[in-house]
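# Report on the structure
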Amino acid sequence: MDIDIDIKPKSLRPHWYELYIQPCVAELLGSTLFIFIGCLSVVEDVEGTGRLQPALAHGLALGLTIAILGDI
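What counts as what
Residues numbered from 1 in each chain as written. Predicted model: local features only at pLDDT ≥ 70, side-chain atom pairs only at ≥ 80, totals over all residues. Heavy atoms only, no water. Helix = DSSP H or I, 4+ residues; strand = E, 2+ residues; numbered from the N terminus. Buried < 20%, exposed > 50% of the residue type's maximum accessible area, 1.4 Å probe, protein only. Contact = heavy atoms within 4.5 Å. Patch = residues over 30% accessible without salt bridge, like charges linked within 9 Å, V, L, I, M, F, W, Y side chains within 5 Å. Areas by Shrake-Rupley, 256 points an atom, 1.4 Å probe, with all protein chains shown as cover. Salt bridge = Lys/Arg side-chain N within 4 Å of Asp/Glu carboxyl O. Expected span 1.5 Å × (residues − 1). Polar contact = N/O pair within 3.5 Å; in protein donor to acceptor, adjacent residues only side chain to side chain.

Another aspect to go through is the environment of leucine 19. For leucine 19, the location among the structural elements is in helix α1 (residues 16–41). Look at leucine 19 and you get partly exposed, because its relative accessible area is 36%. Separated by 53 residues in sequence, leucine 19 and isoleucine 72 have C-alpha atoms that sit 9.7 Å apart. With near-sequence residues (within four places) excluded, leucine 19 lies in contact with Arg13 and Pro14.

Set out below in structure tokens:
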């Protein structure tokens, strides 16, 4: 029983998409999410929230962005 397995060596250099396009798209999506959620958090200013609501919204948006796009 003779098994022939052709194994192609994986390139040590990443693909051009991973080098240039993917980081730019991740930056665009992360910044858009951060700014969009931050702006929406202050649109409706409910009495009594003060600075807490925008601060929490920005913190949660930043945490979400890092969790989703942090490995890129």
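There's more to say after this.
This brings us to a nonpolar patch on the surface. The grouping of Trp16, Tyr17, Leu19, Tyr20, Ile21, Val25 and Leu29 at the surface amounts to a nonpolar patch, some 690 Å² of accessible area in total. Mapped onto the elements, valine 25 comes out in helix α1. Judged by relative accessible area, valine 25 falls into the partly exposed class, the value being 38%.

A rise of 1.5 Å per residue sets the reference length of helix α2 (residues 52–69), with its 18 residues, at 26 Å; its end C-alpha atoms lie 25 Å apart and thus fit the reference within 8%. Summarising the contacts, the buried residues of α2 are in contact with α1.

Turning our attention to the side chain of threonine 65. Turning to its location among the elements, threonine 65 is positioned in helix α2. Judged by relative accessible area, which is 13%, threonine 65 ranks as buried. Here alanine 61 takes part through its backbone oxygen, which lies 2.7 Å from a polar atom of the side chain of threonine 65. Excluding anything up to four places from it in sequence, threonine 65 contacts Gly30, Leu33 and Gly70.

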